[in-house]
Amino acid sequence: MQIWLAKCAGYCFGVKRAIKMALDARQETDRVYTLGPLIHNTQIVNQLRKKGIAAIEDSNQMVGEVVDIRSHGITRNQRQVLTRNRNKLIDATCPYVHKTHKIIADMVAAGYPILIFGDGNHPEVIGMLSYGDEETKVIFNDYQVTDSCHWQKLCLLSQTTQSIEDFTAIIGRLLPHCNELRAFNTICSSTSERQMAAIELARHCELMVIIGGKNSSNTKMLAKLCARITNTLHIETEDELVRDLFSGIQRIGLSAGASTPDEMIIRVYNKIKEIYGEGDAVTSIAKIPAFKEES
Ligand code: SF4
């Protein structure tokens with residue numbers, strides 16, 4: 001049996017930065033709040049709560065508090081409410097997400113209708129939408145471009161965690177209907193690197209195990225891309241692994257979303273080894289140190 005780890009997986013720099021900023025802020029004050037969970041990983045969010053970093057859902061609830069803005073960013077209105085209520089904001093919005101806000105605001109000012117390619121229910125996309133105008137829309141793979149569709153000019157950009165393959169496909173469908181199409185590749189490099197590494201690994205494995213929050217957009221995307229190639233499991237913790245899942249499987253690939261810590265990847269790796277047992281030699285093991293070195 002062989003277990004391989006994707007050469008790029010787990011925490012991205014934006015998530016590491018958001019956690020560090022929240023922990024640093026907590027050193028200076030009794031309590032820190034985040035608007036929504038800091039990252040899409042239940043285990044880490046629970047650990048942070050025990051350290052005095054709690055998630056609140058409604059920006060109106062916070063007055064005079066220290067509020068860490070998570071890497072997904074927030075809406076314009078939420079930012080205004082938090083500021084008006086004299087909260088101290090620790091802005092951990094990922095620079096990649098900030099960039100999308102600026103593109104949308106600039107392109108609206110330049111008179112372009114905006115289409116955002118992504119999941120309309122995801123907080124990052126809700127935040128992006130708030131920088132648009134009444135013409136700004138969220139679209140996804142199922143968007144119908146009918147013969148009657150025509151744009152004199154159009155701006156298209158993506159949620160940072162979408163797949164480049166899907167984004168390119170929608171560009172190809174829109175282009176024949178536009179005199180001018182400004183398409184911005186706003187998929188972040190951390191996402192692209194993790195997707196490419198997972199796809200490459202999936203081609204060589206009978207089973208891919210993708211580790212990360214079930215509500216994590218980038219983890220779900222990794223699982224979706226791998227499932228196009230081979231059998232794929234999306235799990236949050238090692239507790240979801242049972243012997244039957246590995247019946248007849250000899251080559252297993254591991255990857256993890258951008259909000260999955262190294263410790264969780266190692267726990268899953270150890271659980272798989274335990275399932276196979278001492279008698280079934282692991283002939284090639286994961287390069288766990290590579291995760292530590294990856295920035
Ligand atoms: S996945 Fe990309 S955009 Fe999201 S926090 Fe990480 S680096 Fe930033």
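Residues numbered from 1 in each chain as written. Predicted model: local features only at pLDDT ≥ 70, side-chain atom pairs only at ≥ 80, totals over all residues. Heavy atoms only, no water.

Novice: Got a sec to walk through the sheet that holds strand β10 (residues 207-211)? Specific residues and values, please.
Specialist: With respect to topology, four strands assemble into an open sheet ordered β1-β12-β10-β11, the strand pairing being parallel. Two strands bound the open sheet, and with one partner strand each, they are β1 (2-5) and β11 (231-235). Sheet twist, expressed as the mean angle between neighbouring strand axes with direction ignored, is 20°. Pairing geometry for β1 and strand β12 (residues 251-256), over four bridges, is parallel. Bridge assignment links L5 to a residue of β12, and that residue is L254. Running at roughly 170° to β12, helix α7 (residues 189-202) makes contact with β1, β10 and β12 of the sheet. Sheet strands touched by helix α9 (residues 262-276): β1, β10, β11 and β12. Its angle to β12, the strand with the most contacts, is close to 160°. (Pairing = 2+ DSSP bridges. Helix = DSSP H or I, 4+ residues; strand = E, 2+ residues; numbered from the N terminus. Axes fitted to C-alpha atoms, helices over the stretch in contact; angles between N-to-C directions. Contact = heavy atoms within 4.5 Å.)

Novice: Describe the sheet that holds strand β3 (residues 53-56), with residues and values.
Specialist: Strand order in this open sheet of four strands is β3-β2-β4-β5, and the pairing throughout is parallel. The outermost strands of the open sheet, each flanked by one partner alone, are β3 and β5 (88-91). Between one strand axis and the next, the sheet turns by 35° as a mean value, whatever way the strands run. As paired elements, strand β2 (residues 32-35) and strand β4 (residues 66-69) share two bridges and run parallel to each other. Residue pairing in the sheet places Y33 in a bridge with V67 of β4.

Novice: Lay out the pairing of strand β9 (residues 178-184) in plain terms, naming residues and giving numbers.
Specialist: Sheet topology note: the strand β8 (residues 151-158)/β9 ladder contains six bridges and is parallel. The partner of L154 across the bridge, within β9, is L181. Handedness of the crossover joining β8 and β9 through helix α6 (residues 164-174): right-handed. (Right-handed = clockwise from strand over helix to strand, strands pointing away.)

Novice: Any details on the domain arrangement of the chain? Residues and values, ideally.
Specialist: What the domain assignment lists for the chain is domain 1 (2-11 + 190-293), domain 2 (13-95) and domain 3 (98-187). Taking only C-alpha atoms, the centre of domain 1 and the centre of domain 3 are 32 Å apart. Listed by partner, the interface residues are nine residues for domain 1 and twelve residues for domain 3. As a salt-bridge pair, K224 and D166 come within 3.5 Å of each other at their nearest N and O atoms. (Domains from an automatic or database assignment. Salt bridge = Lys/Arg side-chain N within 4 Å of Asp/Glu carboxyl O.)

Novice: How would you explain unusual backbone geometry if you had to name every residue and give the values?
Specialist: Positive phi is not limited to glycine here, since R86 has a value of about 60°. Relative to the helices and strands, R86 is located in the loop between α3 (76-84) and β5.

Novice: So what about the packing of α7 against helix α8 (residues 217-227)? Which residues, and what values?
Specialist: One way to put it is that α7 packs onto α8 with a least axis distance of 9 Å and a crossing angle of 30°. Judged by the inter-axis angle, α7 sits roughly parallel to α8. Considering only the axes of α7 and α8, their crossing is right-handed. Contacts between α7 and α8 involve R194, Q195, A198, I199 and A202 on the former and, on the latter, M221, L222, L225 and C226. In the contact of α7 with α8, the residues fall into seven nonpolar, one polar and one charged. (Parallel < 35°, antiparallel > 145°, perpendicular 65-115°, else oblique. Left-handed = near helix turned anticlockwise from the far one by under 90°. Nonpolar A, V, L, I, M, F, W, Y, C, P; charged D, E, K, R; others polar.)

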